[in-house]
Amino acid sequence: MNPLTMTHPVSNLQIPTRPALWVTHYTMCSALGTGRPAHLAALAAERTGLIPVQGSLPFQTACGIVSCELPALPPALAHHDARITRLIAHLVADLGDAIPQTLSRWGPARVGIFVGTSTAGIASTEAAWRAHVATGALPPEYDFAAQHSYGAIIPVIRALTGFAGPAFVTSTACSSSAKVLASATRLIHAGVIDAALVGGADTLCDLTLHGFHALGALSATPCRPFAATRDGISIGEGGGLMLVARDGEGRARVLAVGETNDAHHISAPHPEGAGARAAMQAALAIAGVKPSDVGHINAHGTGTILNDRAESQAIEAVFGRDVPVLSTKAYTGHMLGAAGVIETALTVMALEEGWIPASLGAGPVDEAITIGIVHTRTRLDRGLAMTNSLAFGGSNVSVLLGAA
Amino acid sequence: MTVSTCNTNNDNGKFPSPCPPSVPAAAIMGLGVWTPDFPGLSAWMSRTPTTPPAHPRGALVPPMLRRRISPLTAAMMDALAEASAEADLAGCAAVFASAHGETSVLGALLEQLTAAPPALSPIAFASSVHNTASGLLSIATHNRGLSTSLAAGHDTVAAGFIEALGILHDGATDVLVVAGDLAEPDRLVCPDERASLMAVVFHLRALHALTDTEVDDVSTQPDSPRLMGHDGPQPLALLTWPVRDLTISPPTLGIKEDLARSPCVGALNLADAVTRRSCGPVRLDGGAGDAWCTTLSFPRPR
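First, a word on what this report is: a plain description of the structure on this page. (Residues numbered from 1 in each chain as written. Chains lettered and ligands numbered in written order. Predicted model: local features only at pLDDT ≥ 70, side-chain atom pairs only at ≥ 80, totals over all residues.)

**Quick notes on the overall build of chain B**
Right, so step 1: When helices and strands are tallied, chain B shows nine helices and eleven strands.
Right, so step 2: Across the 302 residues in chain B, those meeting the buried criterion constitute 60%.
Right, so step 3: Look at the contacts in chain B between residues 6 or more apart in sequence, and 67% of them connect residues 24 or more apart. (Helix = DSSP H or I, 4+ residues; strand = E, 2+ residues; numbered from the N terminus. Buried ≥ 20, exposed ≤ 12 C-beta atoms within 10 Å, placed from the backbone. Contact = placed C-beta atoms within 7 Å.)

Here it is, written out as structure tokens:
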């Protein structure tokens, strides 16, 4: 076999191994605050951003709410004004000079835009629907195509950044903003672009909370991934953006992205995590590294009985019981389509800082879960780490990252 | 002039140069069309509307799952069934491209949310995500490989092809591009933005998967690309990576306004050019997008 090829574990195709991409800049916004410093401080202090939700819900739950002010969009983009586009604009602003630097280095047409969302402009649409039910008319400022549609994020990012390469929104539920890393990687490798802005966002709304409650998946209290007493998820809102490029002064490297389907059930994971296992194996194979090279896994770890059990079986099948694993969902809540990029950013942060945060709320761990959940801040002693995103529809993504 | 294809220049572990936009990047091996007026390729080619308008069946989905699928997913599955004669559905990658996704399910959920008391259907909620059709296809065909689901407004079809060609470049041999939309519910979408149901599916195959393939540069020989030494099923057409070209106008398809308004109408532009064996650039939007175009060429019979 050509030493520069690998055998894909699902398709059995011979695929050339690929050079890594560089993560040159990143930022995120969640219930923990905006930017790297706010998230680092919260994780170091083992401080959750989840709070009980007050209001009109007919059930109890806790949520991760973005509490900072999200300024209105510039007048030229006012027709796109929605909480999700404001969140994206807030993140673009936080990237600061990295945007013009990227533009200058690669040129507008050579920078792609790939963002993920599960619920798009649902917060605006829910409010508009309620207004229509009450008054018989939509609010005059509501525009379904410009505010709700998945693609509505793109013209906002184009206008705020000047990036003019290929652009799309990936929507594969809770794996959306991890999957965009695969798209950027493919198109940079194909020579279509040199760099990309990747990320995603999702915002809170009643529909999401009622929906997960109807599924019996919502916890009444802050979620406790992997714990024996866990009883469901906590929803969060947030977003993250990351600049990746074929080379540069990087903070970390994207070594590989494994993507699979469960082919099992539209909303329940495969009971043994077969699809998740294959995604992790694919990422390792594409990068040409051994499981023992990986020093840390940021698990999807939602806090539901089924997800955590299936994912832990998949992790154990690939990595054994010793690799340190955490879920950051008890800090931020499950940010749905935004979870992938924010957890990728938190994993980059772990590689940069050399330590793994405690898996908040995990103790005592479910006896059926026999992987190495970290209960206290733990030294990261290897240069590779992985993060998993597992979604409705059976969509699984594993992102393998390397230290700079 | 015979040139190497984009798909063969990246096996040395280094980043390649940009793909020449005039070089075919993939072959179209199958095509399926479903709209209420044209529920199949033959109806589409003859532009003979079915009377009364048809309802999609979703025949690819197992009966137990089929009862609950949306019209959009059903139409996508029917077009998939027509396009995939040469595809191994259990191993083929798939890219679902839809500007609006499952908005009919969203409308039903919003009705339930604003009822008193609110009571959401858990099945409808789980089926409201954009990647519902992608997940159902993987379940129906036991395919654990790669699929994805994306949107880009009026450039949704172009985005689907860009993602699909990236997947082929990454080593896959076959990928299905499934484009479709249904702009509703009426309570949210203005009358002049409503678009009727449609789905178009293209089965793409990497040129490196066609035996001993050599392909001409369509910029120098626009009407005579050759597939040399290829003994397998003949492609319907070859296409290039999409590039922007504002000088290209969308074709006149002779379809109703509510179908022409669909954000995915560019897929019908391409289906029209493929079935008419029309060489040259095809615009992948209906005029409201960024003018992404792919260039079609047709293999010369051996």
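Continuing now.
**What about unusual backbone geometry?**
Glycine aside, a negative phi is what most residues show, and trans is what most peptide bonds show.
Right, so step 1: In the segment running from G363 of chain A into P364 of chain A, the intervening peptide bond is cis, with an omega of -10°.
Right, so step 2: Turning to its location among the elements, P364 of chain A is positioned in the loop between β15 (355-356) and β16 (372-373).
Right, so step 3: Here the residue pair T51 of chain B and P52 of chain B is connected by a cis peptide bond, since its omega of -10° sits within 30 degrees of zero.
Right, so step 4: Residue placement: P52 of chain B occurs in the loop between α1 (41-46) and α2 (63-66).
Right, so step 5: Look at A173 of chain A: it is not a glycine, yet its phi comes out positive at around 55°.
Right, so step 6: Among the structural elements, A173 of chain A can be located in the loop between β8 (167-170) and α7 (176-189).
Right, so step 7: We classify A173 of chain A as buried; it has 30 C-beta atoms within 10 Å.
Right, so step 8: One non-glycine residue, A291 of chain B, lies in positive phi territory at about 65°.
Right, so step 9: Along the chain, A291 of chain B falls in the loop between β10 (280-283) and β11 (292-297).

**Let's talk about the nonpolar core**
Right, so step 1: Counting 244 residues, the largest nonpolar core has A196, V198, V244 and A283 of chain A together with V175, V177 and V178 of chain B as the members making the most contacts within it.
Right, so step 2: Ranked by residues supplied to this core, first place goes to helix α9 (residues 274-287) of chain A with ten residues. (Core = buried A, V, L, I, M, F, W, Y, C linked by C-beta atoms within 7 Å.)

**Concerning the interface of chain A and chain B**
Right, so step 1: Across the boundary between the two partners, chain A contributes 59 residues, which contact 62 residues of chain B.
Right, so step 2: Per-element accounting of the side of chain A that touches chain B gives the leading share, seven residues, to helix α4 (residues 122-135) of chain A.
Right, so step 3: Of the residues in the side of chain A that touches chain B, the class split is 29 nonpolar, 23 polar and seven charged. (Nonpolar A, V, L, I, M, F, W, Y, C, P; charged D, E, K, R; others polar.)

**A closer look at the environment of R47 of chain B**
Residues and elements named next belong to chain B.
Right, so step 1: Position of R47 relative to the elements: it lies in the loop between α1 and α2.
Right, so step 2: Looking at R47, the number of C-beta atoms within 10 Å reads 12, which means it is exposed.
Right, so step 3: Between the C-alpha atoms of R47 and S278, which are 231 residues apart in sequence, the distance is 17 Å.

**As for helix α2 (residues 83-95) of chain A**
Residue and element names in this part refer to chain A.
Right, so step 1: The terminal C-alpha atoms of α2 lie 19 Å apart, and with 13 residues this matches the ideal 18 Å at 1.5 Å per residue to within 8%.
Right, so step 2: Among the 13 residues in α2, eleven count as buried, and that is most of the element.
Right, so step 3: Taken together, the buried positions of α2 are R83, I84, T85, R86, L87, I88, A89, H90, L91, V92 and L95.
Right, so step 4: Immediately downstream of α2, the backbone of G96 shows phi near 55°, a positive value. (Expected span 1.5 Å × (residues − 1).)

**With respect to the sheet that holds strand β10 (residues 235-236) of chain A**
Residue and element names in this part refer to chain A.
Right, so step 1: As summarised here, the arrangement of the three strands in space is β5-β6-β10, forming an open sheet in which the pairing is mixed. Sheet topology places β5 (50-52) and β10 at the edges, where each strand pairs with a single neighbour.
Right, so step 2: Bridge count between β5 and strand β6 (residues 62-64): three bridges; the pairing is antiparallel. Bridged to P52 within β6 is A62. (Pairing = 2+ DSSP bridges.)

**With respect to the pairing of strand β6 (residues 195-206) of chain B**
All names here are of chain B.
Right, so step 1: Among the twelve residues in β6, twelve count as buried, and that is most of the element.
Right, so step 2: Bridge count for strand β2 (residues 24-34) against β6 is eight bridges, and the pairing is antiparallel. Residue pairing in the sheet places G30 in a bridge with H203 of β6.
Right, so step 3: Where strand β5 (residues 174-183) meets β6, nine bridges bridge the pair, whose relative direction is antiparallel. Each residue of the ladder has a partner; that of A179, found in β6, is V200.

**Overview of the packing of α9 of chain A against helix α10 (residues 305-319) of chain A**
All names here are of chain A.
Right, so step 1: Relative orientation of the contacting elements α9 and α10 amounts to 40°, with a least axis distance of 8 Å. The angle between the axes of α9 and α10 places the two elements in the oblique class. For the pair α9 and α10, the sense of crossing is right-handed. Residue-level contacts link A276, R277, M280 and Q281 of α9 to A310, E311, A314, A317 and V318 of α10.
Right, so step 2: When grouped by side-chain class, the residues that make up the contact of α9 with α10 number six nonpolar, one polar and two charged. (Axes fitted to C-alpha atoms, helices over the stretch in contact; angles between N-to-C directions. Parallel < 35°, antiparallel > 145°, perpendicular 65-115°, else oblique. Left-handed = near helix turned anticlockwise from the far one by under 90°.)

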